[in-house]
2 protein chains.
Amino acid sequence: MANRPVTIKDIAEKLNISVSTVSRALKNNPEISLQTRENVQKLAKELKYQPNPLAVALKTKKSNTIGVVVPQIVSSFYASVVKGIEQVADEQGYQVFVSSSNEKMEKEEKNVNGFLNMRMDGIILSLSRATSTYDHIHKIQDMGVPMVLFDRTSKELDVSKVVADDAAAAYTAVNHLIDSGAKRVAFLTGMEYMLFGRNRMRGYKKALEDKGFSLDKTLISRCDFTVEGAKKAAMELLSRSNRPDAFFAISDDLAIGTIAAAKELGLRIPEDVAVVGFSNSRRSRYMEPSISTMDQNPKQVGREAAKLLFDQMENKPNAKDVKEVVVTADLIVRTSSDK
Amino acid sequence: MANRPVTIKDIAEKLNISVSTVSRALKNNPEISLQTRENVQKLAKELKYQPNPLAVALKTKKSNTIGVVVPQIVSSFYASVVKGIEQVADEQGYQVFVSSSNEKMEKEEKNVNGFLNMRMDGIILSLSRATSTYDHIHKIQDMGVPMVLFDRTSKELDVSKVVADDAAAAYTAVNHLIDSGAKRVAFLTGMEYMLFGRNRMRGYKKALEDKGFSLDKTLISRCDFTVEGAKKAAMELLSRSNRPDAFFAISDDLAIGTIAAAKELGLRIPEDVAVVGFSNSRRSRYMEPSISTMDQNPKQVGREAAKLLFDQMENKPNAKDVKEVVVTADLIVRTSSDK
DNA sequence: GTGAAAGCGCTAACAC
DNA sequence: GTGTTAGCGCTTTCAC
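- Per an unreviewed UniProt entry, chain A goes by the name LacI family transcriptional regulator and belongs to Ancylomarina longa.

Below is the structure:
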């Protein structure tokens, strides 16, 4: 048991050469004779030699790893973002480590420090809800470690970012509803403090305006951010005499609630009331084949963030510039399922 | 920019003492005079000294980290398990690193090797669907690294495991339905190769038997593992003259499909047809307040796995024994929502 | 009570 | 083409 891992020194001794020669031969350094290189590589394979990344990192101050800090791991949005990051990191031969802040600033700081201490070569992070000071973020910058923020960012931070264009997505969604014949599009949103809610409302209003509709404030409804809350709110709207003929709901839960309300009232979807929901997860799309959704493209967010990070790490021209990438959501149109 | 991290040596020089003294003082070693200890610790704080875990790990062959390999990160089940692991690791002062195999054996091996190379002190792993050989698992054992398997395990592996008791959960669920008045409980499951499906079926049959019901095979329905598939299957069952008055569905998607079918047929839930679903995610529970679900307790799975791992790491008596912990699911009973 | 020295596994000047 | 040496930041004998 407890096999000691084989080191470069073991190889050197067996071959009666020096460790530096082994080190060079392993990296196929042309200064070393082909003969020696082959011998070394062959033996390394036989012995199942694996370089000790700790030693390498300690020496070179590079670990070939990147760290990702997300507010929560139990979230299909963040999970998909991570997947996107992993894809491009994989291509670059980097390992990805993920840790979650659980929406706590304290944990976020701990995670960041852990990554920094581990000498990770780059950090991708989405701020926790509780994060109010940015010392740990500045520390990353002070240490010269490449960093990219995504989704939950802050204007106060002078860092490259990847965000979703919520207003544009809402604009697309509402346009789609109107183009499909809707005359009275309701907007179902959450509490006012939600930034993306405000942005999506902006897109909603802009779309109405551009289509020549006047804004009917009674069609805007706020509810708590749950299926039940949405259902209640939608029930109210749909029970009116001049009920809306379409809904744009800013989350998948709200869309689900809306559908439930419509069904309970015996309204057909999308004939009587069309619905576009906003979605992070595939599930909500499958739940109700008759509604269209805006897909936030979380994987794309991850890919873009990773690309930005690698640009910085590779020190490409202008890599140090602070960039902001906007990922737009896709409208996934579903036609009514055949019964 | 690029602030060089402060080292033990920096402290030693400023205080005109040796690095070894600093090292000892930092760990509050009583051999060092209180005076010196205080000086060192004070300066360390001022300078924001952070030990370099790479150097420590290289020297001590201990990294104070544990690695978790999951088949997928986009899954509320695994995400919750990770959360449970993080909770107990946190208490022990360990950092947790997560990586996902994406259901590929190749990636799983890579992840394991990465963790091993990083000298992680323990590994918690759930096998990918594609894993067919166990060399990488045996390697962990050969290196004497503590390990715990969870959820997707293998009888061939002589390792501590944490699993869910699917049969017991199904037994509880079906009992609940019968106790609530059901006379004809349907069982909605997926393909035969799904081990947990078979186990849940066992519990279903056992519950019927213990309640004195004879098994009606026409009430067992297999469908593909999607909402639509379930809906179709449930429609068929519910359209019969002697339709079931209750369903036990082995996943949340299947429960959702069942509900959709019942509603489409104008049947009330739970009055006309009661449903118990199996669930990993909170969402499905909120979606339909009138159905009860079995909650797999994923967080508990994580906590148990971590506990088992730390037992091994701390070399407690009998720690080397291979243990198997069974986590049972909770029945979450929901009563019909008030309209 | 403190210091000197060795060494963890590796890389990279600098020799020759 | 290859070896020698120093050193990354830390811990840990072994001295005194």
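On we go from here.
1. With respect to the sheet that holds strand 7 (residues 220–222) of chain B
Residue and element names in this part refer to chain B.
(1) Moving on: Reading across from one edge, 7-6-8-9-10-12 is the order of the 6 strands in this open sheet, with mixed pairing throughout. In the strand order of this sheet, the two ends are held by strand 7 and strand 12 (330–332), each with one partner. The average undirected angle you get between the axes of adjacent strands in this sheet is 20 degrees.
(2) Moving on: Across 4 bridges, strand 9 (residues 274–279) lies against strand 10 (residues 292–295) in parallel orientation. If you follow Val276 over to strand 10, its bridge partner there is Ser292.

2. What about the protein's contact with DNA strand D?
(1) Moving on: Inspection of the region around DNA strand D gives 26 residues, with Ser20, Thr21 and Lys59 of chain A together with Ile8 and Tyr49 of chain B positioned closest.
(2) Moving on: Put simply, 62% of the atoms of DNA strand D that lie within 4 Å of the protein are in sugar or phosphate.
(3) Moving on: Here Lys61 of chain A contributes a side-chain N or O atom positioned 3.1 Å from a sugar or linking oxygen of DNA strand D.
(4) Moving on: At a separation of 3.2 Å, a phosphate oxygen of DNA strand D approaches a polar backbone atom of Asn52 of chain B.
(5) Moving on: At the level of elements, helix 2 (19–26) and helix 4 (53–60) of chain A together with helix 2 (19–26) and helix 4 (53–60) of chain B are the ones that each hand at least two residues to the surface near DNA strand D.
(6) Moving on: Top element by residues in the surface near DNA strand D is helix 4 of chain B. It accounts for 4 residues.

3. Details of the protein's contact with DNA strand C
(1) Moving on: The environment of DNA strand C is made up of 26 residues, and the closest members are Ile8 and Tyr49 of chain A together with Thr21, Arg24 and Lys59 of chain B.
(2) Moving on: For DNA strand C, the fraction of protein-proximal atoms (within 4 Å) that sit in sugar or phosphate groups is 67%.
(3) Moving on: In this structure, a base nitrogen belonging to DNA strand C sits 2.8 Å away from a side-chain N or O atom of Lys59 of chain B.
(4) Moving on: Secondary structure elements with two or more residues in the surface near DNA strand C: helix 2 and helix 4 of chain A together with helix 2 and helix 4 of chain B.
(5) Moving on: Of the residues forming the surface near DNA strand C, the biggest block, 4 residues, is contributed by helix 4 of chain A.

4. Looking at the pairing of strand 2 (residues 95–100) of chain B
(1) Moving on: Of all the 6 residues making up strand 2 of chain B, 6 are buried; the element is thus mostly covered by neighbouring parts of the structure.
(2) Moving on: The alternating pattern of strand 2 of chain B places Gln95, Phe97 and Ser99 of chain B and Val96, Val98 and Ser100 of chain B on opposite faces, both of which are buried.

5. Some details on the pairing of strand 11 (residues 324–327) of chain A
All names here are of chain A.
(1) Moving on: In strand 11, alternate side chains face the same way, and those of Val325 and Val327 are buried while those of Glu324 and Val326 on the opposite face are not.
(2) Moving on: Two strands pair when backbone bridges link them, and strand 5 (residues 160–164) and strand 11 are joined in this way by 4 bridges, in the parallel orientation. In the sheet register, Lys161 faces strand 11, and the bridge partner there is Glu324.

6. Focus on the UniProt feature "domain: HTH lacI-type" (unreviewed entry) in chain A
(1) Moving on: The UniProt record marks residues 6–60 of chain A with the feature "domain: HTH lacI-type" (unreviewed entry), using the residue numbering of this structure.
(2) Moving on: Secondary structure content for residues 6–60 of chain A is 69% helix and 0% strand, and the end C-alpha separation is 20 Å.

7. Section: the interface of chain B and chain A
(1) Moving on: Listed by partner, the interface residues are 55 residues for chain B and 55 residues for chain A.
(2) Moving on: Both faces combined, the contact of chain B with chain A buries some 4800 Å², and carbon together with sulfur accounts for 58% of it.
(3) Moving on: Taken together, the links from chain B to chain A amount to 2 salt bridges.
(4) Moving on: Lys110 of chain B serves as the salt-bridge partner of Asp90 of chain A, at 3.8 Å between the closest nitrogen and oxygen.
(5) Moving on: Where chain B meets chain A, there are 1 residue pair in polar contact (both at pLDDT 80 or more).
(6) Moving on: Breaking the side of chain B that touches chain A down by element, the ones donating at least two residues are helix 4, helix 5 (76–91), strand 2, helix 6 (105–117), helix 7 (135–142), helix 10 (227–239), helix 11 (252–264) and helix 12 (282–287) of chain B.
(7) Moving on: The biggest single contributor to the side of chain B that touches chain A is helix 6 of chain B, with 7 residues.
(8) Moving on: Here the residues of the side of chain B that touches chain A sort into 24 nonpolar, 17 polar and 14 charged.

What counts and how
- Residue numbers restart at each chain and count upward from 1, following the sequence in its written direction.
- Following the order in which they are written, the chains are lettered starting with A and the ligands numbered starting with 1.
- Residues qualify for local features only when their pLDDT is at least 70, as the model is predicted, and side-chain atom pairs are given and counted only at 80 or more; totals for whole chains, interfaces and linings, by contrast, use all residues.
- In computing side-chain values, all of the structure's heavy atoms are included and hydrogens and water are not.
- The pairing criterion is simple: DSSP has to find at least two bridges between the two strands.
- Where helices and strands are cited, they refer to DSSP runs of H or I of at least four residues and of E of at least two residues respectively, numbered from the N terminus.
- The convention used is that axes are lines fitted to C-alpha atoms, helices contributing only their stretch in contact, and that angles between N-to-C directions extend from 0 to 180 degrees.
- Proximity is defined per residue: if any heavy atom of the residue lies within 4 Å of a molecule or strand, that residue is considered near it.
- Under this definition, polar contacts are N or O atom pairs within 3.5 Å; protein pairs additionally need one hydrogen-donor-capable and one acceptor-capable atom, and for neighbouring residues in sequence, both atoms have to be side-chain atoms.
- Think of it in three bands: residues with accessible area under 20% of the maximum for their type are buried, residues over 50% are exposed, and the middle band is partly exposed, with areas taken using a 1.4 Å probe on protein chains only.
- UniProt positions are given in the numbering used here, feature names are shortened, and annotations may be inferred rather than shown by experiment.
- Whether two residues are in contact is decided by their heavy atoms: any pair within 4.5 Å suffices.
- Defined here as a combined quantity, buried area equals the accessible surface (1.4 Å probe) lost by two parts on assembly, summed across both.
- A carboxyl oxygen of Asp or Glu within 4 Å of a side-chain nitrogen of Lys or Arg is what we treat as a salt bridge.
- Three residue categories are used. Nonpolar comprises Ala, Val, Leu, Ile, Met, Phe, Trp, Tyr, Cys and Pro, charged comprises Asp, Glu, Lys and Arg, and polar comprises the others, including Gly.

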